[in-house]
Amino acid sequence: MPMPSDQPVQKKPEPCSFVIFGATGDLAHRLVIPALYNLAATGLLPDKFCVVGITRKTMSNETLRDSLMKGLLEFATRPVDDATAQRLLNCVTCIAADPGEPASFDRLKIQLDDLESIRQTGGNRLFYLATPPDAFAPIARELGRTGMLSQQGGAWRRLVIEKPFGTDLASAHALNGELLKIVDEHQIYRIDHYLGKETVQNILVLRFANGMFEPIWNRNHIDHVQITVDEKLDVGHRGGFYDSTGALRDMVPNHLFQLLSLVAMEPPIRFDAHSVRAEKADVLAAIQTQSESEALRNSVRGQYQAGKIDNVEIGDYRSTGEVRPGSTTETYAALKLTIDNWRWAGVPFYLRTGKALGVKRTEVAIKFKQAPFAMFSCTPVETLAQNYLVISVAPTEGIALQFNTKVPGPAIRIDGVEMKFRYKDYFKAEPSTGYETLLHDCMIGDNILFQRADSVEAGWKAVQPFLDAWKKAGANGLLSYTAGSEGPAEANTLLTRDGRSWRKLD
Ligand code: BG6
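Residues numbered from 1 in each chain as written. Predicted model: local features only at pLDDT ≥ 70, side-chain atom pairs only at ≥ 80, totals over all residues. Heavy atoms only, no water.

S.K.: Got a minute to help me understand empty space enclosed by the protein in this structure?
M.R.: According to the stated counting rule, one finds three cavities of 30 Å³ or more in the structure shown. In this structure, the largest cavity occupies an estimated 70 Å³ of space. Elements supplying a minimum of two residues to the lining of the largest cavity: α9 (246-264) and α14 (453-473). Its residues assigned to classes, the lining of the largest cavity comprises five nonpolar, two polar and one charged. The computed volume of the second largest cavity comes to approximately 60 Å³. When residues of the lining of the second largest cavity are traced back to their parent elements, those giving at least two are α9 and α10 (273-285). Sort the elements by how many residues they give to the lining of the second largest cavity and α10 lands first, with three residues. Its residues placed into classes, the lining of the second largest cavity shows two nonpolar, four polar and three charged. (1 Å grid on protein atoms, 1.4 Å probe; cavity = no way out; pocket = protein on both sides within 12 Å on 5 of 7 lines; lining within 4 Å. Points joined across faces, edges and corners; volume = space filled by probe spheres on them. Helix = DSSP H or I, 4+ residues; strand = E, 2+ residues; numbered from the N terminus. Nonpolar A, V, L, I, M, F, W, Y, C, P; charged D, E, K, R; others polar.)

This is how it looks when you write it as structure tokens:
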């Protein structure tokens, strides 16, 4: 088996403070601290470093450290080494600040300055807002007012936020406007955790580090593209958030569009943040904006009803805590989109995502055009394999190519086969949270994997007609599907009416 070459040594970040707003929250405990722990364990934290946990109410360092340690023990992706964990947690200082009380930010500024001179972090600061999204602008305003985001004397200041970036085009535009009054675009790191996934990052490598794919990566050879993010998870305890969000807002303009833009973008001239992000933004801007009636025709939405997933009973979506009675929020969405440029004109992109489905599967399937069939017209066409290139993100991480081959024997008989590459067969990687690369990139100032304001808005612009049309239609057109099924059967008609079908998920 070919073995990977030695990895280049990763860069150690410069000294800095890692300031976490929402330090007592779920994101900090479940992802941020376990990812920092993994970075500590692999020697990728700065030598001079401090973590400042911001809480609304005053709390002792010990109390916050104990709580973060509990989170680490619960969510760590590898066995926790006590010495490494203590080294990380000893860097944690708790400071109370509340954007509703501006004086607390004036105090924070002084406390941070003092702490940084003790820890010798050189004034480099990363502010990670692990808070509900409605707190992004108020916190950023206070950080801006007190000068904590101004880059002076060679020190850098960065602001990290995580999806959702607005709830529609107007609110995303307003949020970007607010933030850009306070910081420059290059200081903002908008996280979409899909870009922390190895398989997602690998899409660029697959396309542009191999000579054989790019010549056929266009409308001359590709029939259509399917992007699937199906989840078994139901809405669970997230009813309050989810009911005002729905499957489309929760998944499409962010995660599914990250996959779409990496698959569909033009080759960047260089592998740097400016070139890659410009190409990604361009392809999102080229998604055709549909009228509301086109959006209705090119979409299917559904809501799950009671059923069983892996033999566990799941109740109706509407019976979930904090979901409004009679809610018309979709838990499943399928869309047909087109990209109006030279490479993709006439190549539909079919997207689907849903909760409480029978199978968990995240993949991009690229369907190539059918070969002229005359030569093998004696073969029943149904036995021919669909030529798919499947980039599988979850649960398997890998790439598969489906093609036709001759069945051994005297007669010409054709059958479909599959060639599979699975990451785990080639590479031994320690399990990670998927945030390590992202946090490390924030600290070394590489924003290639982060969303720029214009891409965020281009994403919302493409989904806005669907949001508007569905809002007007209300319950009209909202289908139901049984939990544990494949989603509403009508999602098939999006493709069958074009003479196509969804790839079967197993
Ligand atoms: C989150 C959504 O952004 O992504 C969740 O809010 C969803 O609803 C999750 O479950 C899916 O992420 P992944 O990595 O499990 O595909």
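S.K.: Quick question: what am I supposed to make of the pairing of strand β6 (residues 188-191) here?
M.R.: Within a regular beta strand, the side chains point alternately toward one face of the sheet and then the other, so they alternate between its two faces. Burial along β6 is two-sided: Ile188 and Arg190 facing one way and Tyr189 and Ile191 facing the other are all buried. In terms of strand pairing, strand β5 (residues 157-162) meets β6 through four bridges, oriented parallel. Along β6, the bridge assignment pairs Leu159 with Ile188. A crossover connection joins β5 to the parallel β6 through helix α6 (residues 169-182); in handedness this β-α-β unit is right-handed. (Buried < 20%, exposed > 50% of the residue type's maximum accessible area, 1.4 Å probe, protein only. Pairing = 2+ DSSP bridges. Right-handed = clockwise from strand over helix to strand, strands pointing away.)

S.K.: Before we go on, may I ask you to explain the sheet that holds strand β14 (residues 388-394) in this structure?
M.R.: Hydrogen bonds between backbone atoms are what pair the strands of a sheet, whose relative direction is either parallel or antiparallel. What the nine strands build is an open sheet, ordered β16-β15-β14-β13-β7-β12-β11-β8-β17; its pairing is mixed. The outermost strands of the open sheet, each flanked by one partner alone, are β16 (414-422) and β17 (478-482). Strand after strand, the sheet turns through a mean of 20° between neighbouring axes, direction not considered. Pairing between strand β13 (residues 361-368) and β14: six bridges, direction antiparallel. In the strand pairing of β14, Ile366 is matched with Leu389. Together, β14 and β15 (398-406) form the strand contacts of helix α7 (residues 198-208), whose direction differs from that of β14 by roughly 150°. This element, α9, spans β7 (222-230), β11 (332-337), β12 (349-354), β13 and β14 of the sheet and lies at about 140° to β12. (Axes fitted to C-alpha atoms, helices over the stretch in contact; angles between N-to-C directions. Contact = heavy atoms within 4.5 Å.)

S.K.: Explanation requested: the pattern of salt bridges in the structure shown.
M.R.: Where charged atoms from two side chains of opposite charge come close, those side chains can pair. The full count for this structure, using the stated rule, is 29 salt bridges. We note a salt bridge from Arg145 to Asp106, for which the minimum N-O separation is 3.4 Å. In this pair, Arg145 sits in helix α5 (residues 136-145) while Asp106 sits in helix α4 (residues 102-119), placing the two residues 39 residues apart along the sequence. On the basis of relative accessible area, Asp106 is assigned to the partly exposed category, the value being 36%. (Salt bridge = Lys/Arg side-chain N within 4 Å of Asp/Glu carboxyl O.)

S.K.: Which parts of the structure should I look at to understand the sheet that holds β6?
M.R.: As summarised here, the arrangement of the six strands in space is β3-β2-β1-β4-β5-β6, forming an open sheet in which the pairing is parallel. Edge positions in the open sheet fall to β3 (92-96) and β6, since each of these has one partner strand only. Strand-to-strand, the axes of this sheet are offset by a mean angle of 20°, without reference to chain direction. Both strand β4 (residues 125-129) and β5 contribute to a ladder of four bridges, which runs parallel. Across the sheet, the residue bridging to Phe127 is Leu159, located in β5.

S.K.: Would you take a moment to explain helix α13 (residues 436-444) for this structure?
M.R.: Given 3.6 residues per turn, any residue in an α-helix points the same way as the ones three and four places further on. Across the nine residues of α13, seven count as buried, placing the element largely inside the fold. Turning to α13, its buried residues are Glu436, Leu438, Leu439, His440, Asp441, Cys442 and Met443. Gly445 sits one or two residues past α13 and shows a positive phi near 80°.

Scope: geometric values only; no functional claims are made or implied.
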